[in-house]
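Letter by letter, the chains look like this.
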Amino acid sequence: MKCEWCEQSDANEITCTVYWELPDGTRAIEITETPGMKCSSCGMEYQTEETIQQLEDQLLLIDTTKIGKEISYEALMAQPKFLKRNYFRF
């Protein structure tokens with residue numbers, strides 16, 4: 001796949017740990033086993049825009065007080081939502 005940073009065709013899908021600030025800014029959480037990309041040319045490890053949008057929408061739509069300091073990506077995405085979708089994203 002093409003790397004979003006260096007534009008070489010050396011990016012591969014991985015799972016990794018990321019740290020994300022909650023939408024209310026009260027704290028950050030550790031999200032393990034998050035889908036990501038790693039480029040063997042430039043060494044950059046990142047999440048695609050699609051994954052970023054999914055994380056941000058999910059954190060906006062759930063009760064984040066029920067999440068501890070660490071959660072897996074799969075468990076985070078399985079949390080019940082207050083709304084069906086983010087109505088602020090047009």
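The following refers to the structure shown. Counting from 1, residues in each chain are numbered in the order their sequence is written. In keeping with the model being predicted, local features are shown solely for residues with a pLDDT of at least 70 and side-chain atom pairs are shown and tallied solely at 80 or more, while totals for entire chains, interfaces and linings include all residues. The basis for every side-chain value is the complete set of heavy atoms in the structure, and neither hydrogens nor water enter the calculation.

### Considerations on unusual backbone geometry
Point 1. The backbone phi angle of Glu7 is positive, close to 65°, even though this residue is not glycine.
Point 2. Only DSSP runs of H or I covering at least 4 residues are called helices, and only runs of E covering at least 2 are called strands; the numbering of each starts at the N terminus. Note that Glu7 resides in the segment before β1 (11-21).
Point 3. Burial here depends on accessible area, computed with a 1.4 Å probe over protein chains only, as a share of the maximum for the residue type. Under 20% is buried, over 50% is exposed, and the range in between is partly exposed. Under the relative-accessibility criterion, Glu7 is labelled exposed at 54%.
Point 4. The backbone phi angle of Glu33 is positive, close to 55°, even though this residue is not glycine.

### Thoughts on the pairing of strand β2 (residues 28-39)
Point 1. Bridge count for β1 against β2 is ten bridges, and the pairing is antiparallel. Residue Ala11 lies in a different strand from β2, and its bridge partner there is Cys39.
Point 2. Only when DSSP finds a minimum of two bridges between them are two strands counted as paired. Following β1, the chain reverses through six residues before pairing antiparallel with β2; Gly25 in that reversal takes a positive phi of roughly 75°.
Point 3. Two strands pair when backbone bridges link them, and β2 and strand β4 (residues 70-72) are joined in this way by three bridges, in the parallel orientation. Its bridge partner being in β4, Thr32 is matched across the sheet by Ser72.
Point 4. Relative to strand β3 (residues 45-46), β2 runs antiparallel, the two sharing two bridges. Considered in β3, the bridge of Lys38 is made with Glu45.

### So, helix α1 (residues 49-61)
Point 1. For α1, with 13 residues, the first-to-last C-alpha span of 18 Å sits near the 18 Å given by 1.5 Å per residue.
Point 2. Residues count as neighbours in contact if any of their non-hydrogen atoms are within 4.5 Å of one another. Elements in contact with the buried residues of α1: β1, β2 and α2 (73-77). Multiplying one less than the number of residues by 1.5 Å gives the expected span of a helix.

### Describing the side chain of Thr32
Point 1. Looking at the element boundaries, Thr32 is found in strand β2.
Point 2. Overall, the relative accessible area of 13% leaves Thr32 in the buried class.
Point 3. The residues contacting Thr32, other than those within four sequence positions of it, are Cys16, Thr17, Glu70, Ile71, Ser72 and Tyr73.

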